[in-house]
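Below, each chain spelled out in residue letters.
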Amino acid sequence: MKELILKALSMKHENKTHKSIYNILIGKKTHQTYFDASIEHLKLYYGCLPNLKYNDFEMIVEQEPIKNQNPIVGNFFYQQAIQTVGTILLLIQMISQRKHEHFSYQPIINDKTIQFKAKELYISINNHHEEEFIKEVNQLFEDIDHYFSGIYVHYLLAGYRETPYTTEQISQIEEIPIIELKERLVEEYQLIQITIQNQERYPILSQIKFQPKLHQQTLSTYQLLNQTYDIEQLAIMKNVKTHTIHDHIIEMYIKGYLTDMNMYIDDIKYSKFVNEFEDKPNQNLKYYYETLGEFTYFEIKLMYVCFAMEGLNATRRT
């Protein structure tokens, strides 16, 4: 727990509060927290410590020096890492059972979304790519083992006549405290999510892709985009204020439902923002609003998000 907190804190911008980092770690479902996680490159830490108490968080902040801790960064939320690893574990179980022609078993993952993705890949792997899949899994575990000089996620594997170990069992075998084990598994999940994005090295595993869920109200706005992209019109259609639609639009970009920034920002405006940002990085929104003078808060917030995501493999159509 402590290492995850310190790594997240090491990414905190000067104008952000410690509470904003706490909100990211527990996965607070607010547009502000999504925004903070994006601009501070902490998506992979969003929701990784859902049961963290604020008193425990404060104690670590007060007692430990905050320095660069080399956090694992990427344009993915931690929930996506959970789904990705769950898919890999389920695929391993499915292929192991098939190799032994044993088709009556209890899946280790009950999540329907993960099961659907695993079945989809299972069909494409079939007999023709089974060995390639096994090779990729071995390669992946070697990469994770090399990075950490040790690996624990392999204890979660299941297959023919093999069941996964519990955290208590792993703790006893490896002689590691359970809280440290859980923290390490979080980091292994994060790294797996990033590692398999290498399509040349992982042509099969890189096909595992999940999209974060939108807030219910954001989802209803997203569904209206087939009628109009105009923010004023969307606000009228939903009987809400325009700033509510602004929040919804930005959430869609953060979660990958929209990728073309040019729908709301032209390249000239974006270039002006980038020039100012590179001169004075990581300032608060008010600074850019007052300095640039010609942009709305919505435009600045959207450009801030898109700029932060560009370095994390986000794409923008020009």
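Residues numbered from 1 in each chain as written. Predicted model: local features only at pLDDT ≥ 70, side-chain atom pairs only at ≥ 80, totals over all residues. Heavy atoms only, no water.

Colleague: How do you make sense of the packing of helix H1 (residues 2–9) against helix H4 (residues 54–63) when you look at a structure like this?
Modeller: A pair of packed helices is characterised by two quantities: the angle between their axes and the separation of those axes. Where H1 meets H4, the axes come as close as 10 Å, and the angle between the chain directions of the two elements is 65°. In terms of orientation, H1 lies roughly perpendicular with respect to H4. Judged by the twist between their axes, the crossing of H1 over H4 is right-handed. Every residue of H4 that contacts H1 at Lys2, Ile5, Leu6 and Leu9 is listed here: Phe57, Ile60 and Val61. When grouped by side-chain class, the residues that make up the contact of H1 with H4 number six nonpolar, no polar and one charged. (Axes fitted to C-alpha atoms, helices over the stretch in contact; angles between N-to-C directions. Helix = DSSP H or I, 4+ residues; strand = E, 2+ residues; numbered from the N terminus. Parallel < 35°, antiparallel > 145°, perpendicular 65-115°, else oblique. Left-handed = near helix turned anticlockwise from the far one by under 90°. Contact = heavy atoms within 4.5 Å. Nonpolar A, V, L, I, M, F, W, Y, C, P; charged D, E, K, R; others polar.)

Colleague: I'm lost on the pattern of salt bridges in this one. Help?
Modeller: Opposite charge on two side chains permits pairing when their charged atoms draw close. Under the counting rule described, the total for this entry stands at 12 salt bridges. Residue glutamate 120 is joined to lysine 117 by a salt bridge in which the shortest nitrogen-to-oxygen separation is 3.0 Å. Taken together, the positions of glutamate 120 and lysine 117, both in helix H6 (residues 112–125) and three residues apart, correspond to about one turn of that helix. Judged by its relative accessible area of 15%, lysine 117 is buried. The residue lysine 269 makes a salt bridge to glutamate 299 at a minimum N-O spacing of 2.8 Å. Here lysine 269 is found in helix H13 (residues 267–279), whereas its partner glutamate 299 is found in helix H15 (residues 297–310), with 30 residues between them in sequence. You can call lysine 269 partly exposed: its relative accessible area is 24%. By relative accessible area, glutamate 299 is classed as buried at 11%. (Salt bridge = Lys/Arg side-chain N within 4 Å of Asp/Glu carboxyl O. Buried < 20%, exposed > 50% of the residue type's maximum accessible area, 1.4 Å probe, protein only.)

Colleague: Would you mind going over the environment of glutamate 3 with me for this structure?
Modeller: Mapped onto the fold, glutamate 3 is located in helix H1. The class for glutamate 3 is partly exposed, based on a relative accessible area of 30%. Expressed as a C-alpha distance, the spacing of glutamate 3 and glutamate 183, which sit 180 residues apart in the sequence, is 7.7 Å. Not counting the four nearest positions on each side in its chain, glutamate 3 is found in contact with Gln69 and Glu183.

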